[in-house]
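Secondary and tertiary structure notes
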Number of protein chains: 2
Amino acid sequence: MINIAAHSFHDATAIKLPQPAMAIAPMLAAKGLHSSAIRKVACNETLWCEGDERSHIFVVRTGAVCLSRTLPNGRRIVLDFAYPGDIIGLGADTQPCDAHTVQLTRLEAIPVAAFKRAVAEDPEFGRQASIQVANALSAAYQHVVVISKLSANERLASFLMALSRRNEAHGLSPMSVLLPMKRLDIADFLGLTIETVSRTFTRFRDAGLIAMDQHNVVVFRDLAKLRALAAGEGEHD
Amino acid sequence: MINIAAHSFHDATAIKLPQPAMAIAPMLAAKGLHSSAIRKVACNETLWCEGDERSHIFVVRTGAVCLSRTLPNGRRIVLDFAYPGDIIGLGADTQPCDAHTVQLTRLEAIPVAAFKRAVAEDPEFGRQASIQVANALSAAYQHVVVISKLSANERLASFLMALSRRNEAHGLSPMSVLLPMKRLDIADFLGLTIETVSRTFTRFRDAGLIAMDQHNVVVFRDLAKLRALAAGEGEHD
DNA sequence: CGGCCGCTTGACTATTATCAAAGATGGTGG
DNA sequence: CCACCATCTTTGATAATAGTCAAGCGGCCG
């Protein structure tokens, strides 16, 4: 449930924190842990469930993973998405959430035992892992902020701008994003319904903020306005 | 921003996890870190702000601390409360939230340098600290669930039941709780307004779920119903 | 005793959820 | 290669929950 990309969701945090993936990813490579089996997982497959013993740490290569919880009555909440380059599964021994693919996904699977051995050898390695968890906590805090205080417009803008900034950080254009997940995943992530998400996309399009030819490709037409919305500055304030 | 009590907010987690405070608090004592200065802080004082360099780790002795974030336009979100026995301030070097007292509070202040020295001496110590952060992450996930999927009734029930379970875990009666914070703090924690919180208390009282003689003392009259509500099982499901 | 602060209550509004149906899209098999 | 079906998305009409604005109550402290 540690998603390295997560911190970029919070604009302020994205600026303040050093690139966390920068720190730990090369360390994984140096340890030779990269050579662990690469798994190819179909869409909608479960990697683990809440309460499971942690067995592997995964590095997403391609595709996308969704981290979620489910209430007793079936209501589902998406806590985070993991994209290529992200590390998921760090943290305590018990998984705090479910993880399932939302696309055909390729993952490197590092057994926890191997990971723990690496930590025992090199304390700095464990320290970096802890920083990832702390960043995930900061991201979760930001998620609470988004969900409890932002309007539907602001929530979707916040989601899109997080993806935009991620692109930027990866050397891609921040002017457009690809949505690997379905509307329902976005809705469950933002604490809205699919209908509201769909309507908000339409509203953005009609207002000239975005353009969409396919429903999973968004081109930004007014980044400044979207960023203001995402920060909770816009609308009626 | 690591609040040891936080995990108890999530019922399932509260059962699954060992008492985290059990693990680290005696270790702090054993290291002699307890001898650090005890501070007496008035109500409404700020301990640190988001983005601050982490300078101390605090153990709450009496009173209560509120962890929050504030949006650019002034909207505030309460992320957690820390009560006597809780440790706050663990995590990364940069504070992910503000911390301020909501009561006259006594705190033990352990300088970060002393804490780091202790970790360097004893890796197990650092491992326990990491577990605290992971538990805080799990609690934050639960907070997201509460805020994004529960009704006002369910949210307040969830808040009250977390306090009830905390009492229980501390050997006190789970049948009543004391609310050290103001209605506004509860509202900002639950993503509601003070009016809605007030009305929900009234609704609970009228429905025979609780009794209240003062507005900061709640006696539970139907714990089963409240717990069902808190778990998101109740209402119209 | 008076004023301030926090809590409660009321009337009304607004945003989003819900229910329902139609329109796309993509994949499969004929 | 096209047609069909399942799934996902969009759109519309209506309802419900919580927010906003406003006023009154009550306790605590100076």
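From a predicted model like this one, the values you see are computed outputs, not experimental measurements.

1. Here we look at helix α6 (residues 183-190) of chain A
Most of α6(A) is tucked away: six of the eight residues are buried. Taken together, the buried positions of α6(A) are occupied by A:Asp185, A:Ile186, A:Ala187, A:Asp188, A:Phe189 and A:Leu190. Summarising the contacts, the buried residues of α6(A) are in contact with β5 (76-82), α4 (123-149), α5 (152-169) and α7 (194-206) of chain A together with α4 (123-149) of chain B. Positive phi shows up at A:Gly191, right after α6(A), with a value of about 70 degrees.

2. So, the protein's contact with DNA strand C
What surrounds DNA strand C is a group of 17 residues, the closest being A:Ala152, A:Thr196, B:Arg183, B:Arg199 and B:Thr202. Of all DNA strand C atoms lying within 4 Å of any protein atom, the proportion belonging to sugar or phosphate reaches 68%. A:Ala152 places a main-chain nitrogen or oxygen 2.6 Å from a phosphate oxygen of DNA strand C. No other element matches the five residues that helix α7 (residues 194-206) of chain B contributes to the surface near DNA strand C. Taken together, the residues of the surface near DNA strand C sort by class into two nonpolar, eight polar and seven charged.

3. Looking at the state of the cysteines
Applying the stated rule across the entire model yields zero disulfides over all chains. B:Cys97 takes part in no disulfide bond, and the closest cysteine sulfur, belonging to B:Cys66, lies 9.1 Å away.

4. Examining the interface of chain A and chain B
Contact residues are listed per partner, giving 43 residues for chain A and 42 residues for chain B. For the pair chain A and chain B, the summed buried surface comes to about 3700 Å²; carbon and sulfur atoms form 66% of the total. Three residues, A:Arg69, A:Tyr141 and A:Lys149, lead the burial of chain A against chain B; their summed loss comes to 19% of the area buried on that side. At the junction of chain A and chain B, the tally comes to four salt bridges. We note a salt bridge from B:Asp188 to A:Lys149, for which the minimum N-O separation is 3.4 Å. Applying the counting criterion to the chain A and chain B interface returns 16 residue pairs in polar contact (both at pLDDT 80 or more). Mapped by element, the contributors of at least two residues to the side of chain A that touches chain B are α1 (11-16), β5 and α4 of chain A. With 15 residues, the top contributor of residues to the side of chain A that touches chain B is α4(A). Broken down by class, the residue content of the side of chain A that touches chain B amounts to 21 nonpolar, twelve polar and ten charged.

5. Considering the relation of the copies chain A and chain B
Superposing chain A onto chain B takes a rotation of 180 degrees plus a shift of 0.0 Å along the axis, which leaves an RMSD of 0.0 Å. What we have between these two chains is a two-fold relation. Both copies share a contact surface, since 98% of the interface residues of chain A are interface residues in chain B too.

6. Remarks on the packing of aromatic side chains
All chains considered together, the criterion is met by twelve aromatic pairs over all chains. Ring centres 5.9 Å apart and planes at 15 degrees place the aromatic pair A:Trp48 and A:Phe58 in the stacked group. Taken as a pair, A:Trp48 in strand β2 (residues 46-48) and A:Phe58 in strand β3 (residues 56-62) lie far apart in primary sequence, ten residues in all. Here A:Trp48 falls in the buried class, since its relative accessible area comes to 5%. Relative to B:Tyr83, the ring of B:Phe81 lies with its centre 6.4 Å away and its plane at 35 degrees, an arrangement referred to as tilted. Take B:Phe81 and B:Tyr83: they sit in the same class, and that class is buried.

7. Observations concerning the pairing of β5(A)
Along any regular strand the residues' side chains alternate between the sheet's two faces. All names here are of chain A. For β5, a buried count of seven out of seven residues is recorded, marking the element as mostly surrounded by other parts of the structure. Relative to β5, strand β4 (residues 65-70) runs antiparallel, the two sharing six bridges. Across the sheet, residue Leu67 finds its bridge partner in β5, namely Asp80. The antiparallel pairing of β4 with β5 creates a hairpin that spans five residues between the two strands, and Gly74 there sits at a positive phi of about 100 degrees.

8. Considering the confidence of the model for chain A
When the pLDDT values of chain A are averaged, the result is 87; 83% of them are 70 or greater. Between residues 3-22 of chain A, whose pLDDT stays under 50, and residues either more than four places distant or in other chains, the model counts 45 contacts.

9. Focus: the sheet that holds strand β7 (residues 98-101) of chain B
Within a sheet, neighbouring strands are paired by backbone hydrogen bonds and run either parallel or antiparallel to one another. All names here are of chain B. Strand order across the open sheet formed by four strands is β2-β7-β4-β5, with antiparallel pairing between neighbours. Looking at which strands have only one partner, the edges of the open sheet turn out to be β2 (46-48) and β5 (76-82). Strand-to-strand, the axes of this sheet are offset by a mean angle of 30 degrees, without reference to chain direction. In this structure, β2 lies alongside β7, joined through two bridges in antiparallel fashion. Bridged to Thr46 within β7 is His100.

10. Structural notes on the protein's contact with DNA strand D
Taken together, 15 residues sit near DNA strand D, with A:Arg183, A:Arg199, A:Thr202, B:Ala152 and B:Thr196 positioned nearest. When atoms of DNA strand D within 4 Å of the protein are split into backbone and base, the sugar-phosphate part holds 65%. Within the contact set of DNA strand D, a base nitrogen lies 2.8 Å away from a side-chain nitrogen or oxygen of A:Arg199. Within the side chain of B:Thr196, an N or O atom sits 2.5 Å from a phosphate oxygen of DNA strand D. Elements that contribute at least two residues to the surface near DNA strand D include exactly α7 of chain A together with α7 of chain B. By residue number, the principal contributor to the surface near DNA strand D is α7(A), which donates four residues. Of the residues contributing to the surface near DNA strand D, the split by class is two nonpolar, seven polar and six charged.

Quick notes on the rules
- In this convention, every chain numbers its residues from 1, walking through the sequence in written order.
- By the order in which they are written, chains take letters starting at A while ligands take numbers starting at 1.
- In view of the model being predicted, local features appear only for residues whose pLDDT reaches at least 70, and side-chain atom pairs are presented and counted only at 80 or more, with totals across whole chains, interfaces and linings using the full set of residues.
- Side-chain figures throughout are based on the complete set of non-hydrogen atoms in the structure, without hydrogens or water.
- Summary of the burial criterion: residues with accessible area below 20% of their type's maximum are buried, those above 50% are exposed, and those between are partly exposed, where the area comes from a 1.4 Å probe applied to protein chains only.
- Helix and strand assignments come from DSSP, with helices taken as H or I runs of at least 4 residues and strands as E runs of at least 2, each series counted from the N terminus.
- What makes two residues a contact is simply this: any of their non-hydrogen atoms within 4.5 Å.
- The near set for a molecule or strand comprises every residue that places at least one heavy atom within 4 Å of it.
- We call two N or O atoms a polar contact when they sit within 3.5 Å, provided that within protein one can donate a hydrogen and the other can accept it, with sequence-adjacent residues counted only if both atoms are side-chain atoms.
- Ten residue types, Ala, Val, Leu, Ile, Met, Phe, Trp, Tyr, Cys and Pro, are classed as nonpolar, four, Asp, Glu, Lys and Arg, as charged, and the remainder, Gly among them, as polar.
- By definition, disulfides here are pairs of cysteine sulfur atoms that lie within 2.5 Å.
- What counts as buried area is the accessible surface, traced by a 1.4 Å probe, that two parts surrender upon association, with contributions from both included.
- Think of a salt bridge as a Lys or Arg side-chain nitrogen and an Asp or Glu carboxyl oxygen that are within 4 Å of each other.
- For this overlay, a least-squares fit was computed on C-alpha atoms, restricted to residues scoring pLDDT of at least 70 in both copies.
- Aromatic pairs are defined between Phe, Tyr and Trp rings, using the six-membered ring for Trp, whenever the two ring centres lie within 6.5 Å; interplanar angles under 30 degrees are classed as stacked, those over 60 as edge-to-face, and all others as tilted.
- At least two bridges found by DSSP between two strands is the condition for calling them paired.
- pLDDT measures how confident the predictor is about each residue, on a scale from 0 to 100.
- Axis definition: a line fit to C-alpha positions, over the contact stretch in the case of helices; interaxial angles, taken between N-to-C directions, run 0 to 180 degrees.

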